[in-house]
Amino acid sequence: MNTKIIVALDVPTLEEAIALVEKLDEVSFWKVGLELFVSTGPKILEELKSRSKRIFLDLKFHDIPNTIAGACRVAALFGVDLLTIHAVSGRDTLKAATEAIQAGSASSGIKPPKLIAVSLLTSISSRQLAIDLKIPIELPEYVLEMALMAQEMGLDGAVCSPQEVAQLRDSCGSDFLLVCPGVRPTWAAIGDQKRVFTPAQALKAGADYLVIGRPITASADPQLAWKKVCDEIAAVV
Ligand code: C5P
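Residues numbered from 1 in each chain as written. Predicted model: local features only at pLDDT ≥ 70, side-chain atom pairs only at ≥ 80, totals over all residues. Heavy atoms only, no water.

1. Some thoughts on a negative patch on the surface
The condition is simple: Residues enter patches when they are more than 30% accessible in relative terms and free of salt bridges; like-charged ones are connected within 9 Å and nonpolar ones (Val, Leu, Ile, Met, Phe, Trp, Tyr) within 5 Å. For every accessible area listed, the method is Shrake-Rupley and the probe measures 1.4 Å; residues are considered covered only by the protein chains on display. Salt bridges are identified by distance alone: a Lys or Arg side-chain nitrogen within 4 Å of an Asp or Glu carboxyl oxygen. Note on charges: Lys and Arg go in the positive column, Asp and Glu in the negative column, and His and the chain ends are not counted at all. One atom stands in for each charge, and that atom is NZ of Lys, CZ of Arg, CG of Asp or CD of Glu. Only DSSP runs of H or I with at least four residues qualify as helices, and only runs of E with at least two residues qualify as strands; both kinds are numbered from the N terminus onward. Only protein chains enter the accessibility calculation, which uses a 1.4 Å probe; a residue is then buried when its area is under 20% of its type maximum, exposed when over 50%, and partly exposed in between.
Among the surface-exposed residues, Asp10, Glu15, Glu16 and Glu35 lie close enough to one another that they form a single negatively charged patch. Mapped onto the elements, Glu15 comes out in helix α1 (residues 14-23). Here Glu15 falls in the exposed class, since its relative accessible area comes to 57%.

2. Notes on the site of the ligand
Note the following rule: Working definition: residue near molecule or strand if any one of its non-hydrogen atoms lies within 4 Å of it. In the analysis that follows, any N or O atom pair within 3.5 Å is treated as a polar contact, provided that within protein one partner can donate a hydrogen and the other can accept it, and provided that, for residues neighboring in sequence, both atoms belong to side chains. When residue character is reported, Ala, Val, Leu, Ile, Met, Phe, Trp, Tyr, Cys and Pro are called nonpolar, Asp, Glu, Lys and Arg charged, and the others, Gly included, polar.
Among the 18 residues in the neighbourhood of the ligand, the closest are listed as Asp10, Lys31, Thr122, Arg184 and Arg214. Here a nitrogen atom of the ligand and a side-chain polar atom of Thr122 are 2.8 Å apart. The separation between an oxygen atom of the ligand and a polar side-chain atom of Arg184 is 2.7 Å. Mapped onto the shell around the ligand, the elements with two or more residues apiece are β3 (54-61), β8 (209-212) and α10 (214-217). Looking at the shell around the ligand residue by residue, the class counts come to nine nonpolar, three polar and six charged.

3. Quick look at the packing of aromatic side chains
What counts here: Centres within 6.5 Å are what make two rings of Phe, Tyr or Trp a pair, Trp counting through its six-membered ring; a difference in plane orientation under 30 degrees is then read as stacked, over 60 as edge-to-face, and the rest as tilted. Only Lys NZ and Arg CZ are tested; either one counts as a charge over a ring when it is within 6 Å of the ring centre and within 35 degrees of the ring normal.
All chains considered together, the criterion is met by two aromatic pairs. Taking the centre distance of 6.0 Å and the plane angle of 65° together, the rings of Phe37 and Phe78 count as edge-to-face. Of this pair, Phe37 sits in helix α2 (residues 34-40) while Phe78 is found in the loop between α4 (65-75) and β4 (82-86), placing the two residues 41 residues apart along the sequence. For the cation-ring pair, Lys31 lies above Phe56, with the distance from its terminal atom to the ring centre recorded as 5.9 Å. Across the ring face of Trp187, the terminal group of Lys228 is positioned such that the distance to the ring centre comes to 4.2 Å.

The following block contains the structure:
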């Protein structure tokens, strides 16, 4: 069983999600994102927990400190393993989020989720960062600055593209969790992702977890695609 791969459960309904989880029985770590959570609410988390699955609740919070603190306090009660917030929410919000998670879990006794900062969406290219978002520094430097700010504010890790993972590992140390979407086996379509590595390359570069969605879930044969990814990384883990 491969514990380094988190499969993105990007489907619109509870029924489709459960069908996929049952079909891919060997997957132990699932990512619940916005589409599914907006559709099902916490029900999908209960379903996954009842099957002893680990959960990455990828809601990518981005709001003012008070609102985020409330959302994190409630999210800490779900008993999920990973939770995301945009680093660009800023220092005050990141700090409020870490404090709220600790407070939520201290009052409930439920193990707190690891709070992970989204450094920059992997669908954003250098050109879009400069031209659309008007950010006047190079993309790798921006990603590093976001990760360092998150670390300083007490977060447990960052989401980054595999292309930035080696630099973040060097600068943030071995305890900082690095979670990489934007992973594409050579046989899969790139789609809207821009900064991609293969699964083996991403792990070799220092990623703790790989998030893989469509190459597995949208494949004509998801079980075969999962097996191919596991075989590919078996040599490096
Ligand atoms: O299908 P694909 O492999 O591109 O799925 C990647 C998943 O990772 C999606 O659910 C997407 O929301 C998520 N993600 C991302 N980039 C980030 C953070 C999360 O692609 N920076």
